[in-house]
Amino acid sequence: MVNRPVAKSIERRSGVSLWRQIADQILHSIAIGDFVENAALPPEMALADRYGVNRHTVRAAIAALVQEGVLRAEQGRGTFVLSRKRLSYPIGARTRFSAGLQGQASERRSVLLEAIVEPASRRVADALKLARGADVIRLEARGEADGQSVSRATSWFEARRFAGIDAAMAETGSITASLERFGVSDYLRQSTVLSARHADAADLADLDLQPGAIVLVTVAVNVTPDGQPIQFAETRFPAERVELKLSAL
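Cut-off values and rules
- Residues numbered from 1 in each chain as written.
- Predicted model: local features only at pLDDT ≥ 70, side-chain atom pairs only at ≥ 80, totals over all residues.
- Heavy atoms only, no water.
- Domains from an automatic or database assignment.
- Contact = heavy atoms within 4.5 Å.
- Buried area = accessible area lost by both parts, 1.4 Å probe.
- Salt bridge = Lys/Arg side-chain N within 4 Å of Asp/Glu carboxyl O.
- Helix = DSSP H or I, 4+ residues; strand = E, 2+ residues; numbered from the N terminus.
- Expected span 1.5 Å × (residues − 1).
- Buried < 20%, exposed > 50% of the residue type's maximum accessible area, 1.4 Å probe, protein only.
- Pairing = 2+ DSSP bridges.

What am I meant to see in the domain arrangement of the protein chain here?
Interfaces are frequently sized by the accessible area removed from exposure as the parts join. Here the protein chain is described as being made up of domain 1 (18–81) and domain 2 (87–246). Placing a centre on the C-alpha atoms of domain 1 and another on those of domain 2 gives a separation of 33 Å. Taken residue by residue, the interface counts six residues in domain 1 and seven residues in domain 2. Where domain 1 abuts domain 2, roughly 520 Å² becomes buried across the two surfaces, and 50% of that area is made up of carbon and sulfur atoms. Here domain 1 is connected to domain 2 by zero salt bridges.

Spelled out as structure tokens, the structure:
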């Protein structure tokens, strides 16, 4: 194992607990190959020295990663990095949840959590090219792959054109299949903006994550082939389970 410099310094006044920052550092070290899959982590004292914290903080970080399925603790032997393959979710001209995970998960579905009719905010109205305050349908959904939560999406649709899309989504478990019922047989990704942040309380609960977990965020507009916006969506993916693979739009 190569002892490389810590990728990011610990920020004691960042608002993120120290143990979560250490957990994120360990995840980073696994991702870049410092800590090898199926091999033992360094002892707690060595990790405490590496990150400049006490053993209790390291122990809390390890316990969280054990619970998240990243590490395995064996009595008398140590803590080991589990072999974990993240799902690769493609983002391109035709981004589809189920099709994107085909071959990686045998069971794929989207579960409708909530549907609300509300006035469009400026952000939503601009994306869908509607008047500010126009009625839109907001769908809250969770994407699952082989029983594991892999995405949490908030989508907006023009209420007048897509009245009843919530019922279609509840029945089909698919945005694509729901749009087909409204005469939209094909649609394209017009734009995608990517970012990352710590999961908020709602995403922690819906995605079954530990406090401080990182989510990858996509903010996207889907349009018909003639360029008419039909869906504005913000989707959060747990970084520990999913990687985003970009292709040309």
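Right, picking up where we left off after that structure.
Explain the pattern of salt bridges here, please?
For side chains of opposite charge, pairing can occur when their charged atoms come near one another. Considering all chains together, one arrives at 23 salt bridges under this definition. Through salt bridges that share partners, Glu118, Arg138, Glu140, Arg152 and Asp206 make up one connected network.

How should helix α1 (residues 18–31) be read in this particular structure?
For an α-helix, the turn length of 3.6 residues means that residues three or four places apart are oriented alike. Along its 14 residues, α1 runs 20 Å from first to last C-alpha, staying within 8% of the 20 Å computed at 1.5 Å per residue. Turning to α1, its buried residues number three or more, namely Arg20, Gln21, Ile22, Ala23, Asp24, Gln25, Ile26, Ser29 and Ile30. Residues of α1 that are buried in the fold lie against α2 (44–51), α3 (55–67), β1 (71–74), β2 (78–81), β7 (188–198) and β8 (214–223). Positive backbone phi, approximately 95°, marks Gly33, located one or two places after α1.

Sorry, what's going on with the pairing of strand β6 (residues 148–158) here?
Walk down a regular strand and you will see the side chains alternate between the two sheet faces. Buried residues dominate β6, accounting for 10 of its 11 residues. In the sheet, strand β5 (residues 135–145) pairs with β6 via 10 bridges, with the strands oriented antiparallel. Note that in β6 the partner of Arg138 across the bridge is Trp156. Here β5 folds back onto β6 in antiparallel fashion, the turn holding two residues, of which Asp146 has a positive phi close to 50°. Sheet topology places β6 next to strand β9 (residues 229–238); five bridges connect them, and they run antiparallel. Bridging from a neighbouring strand, Arg152 pairs with Arg236 of β9.

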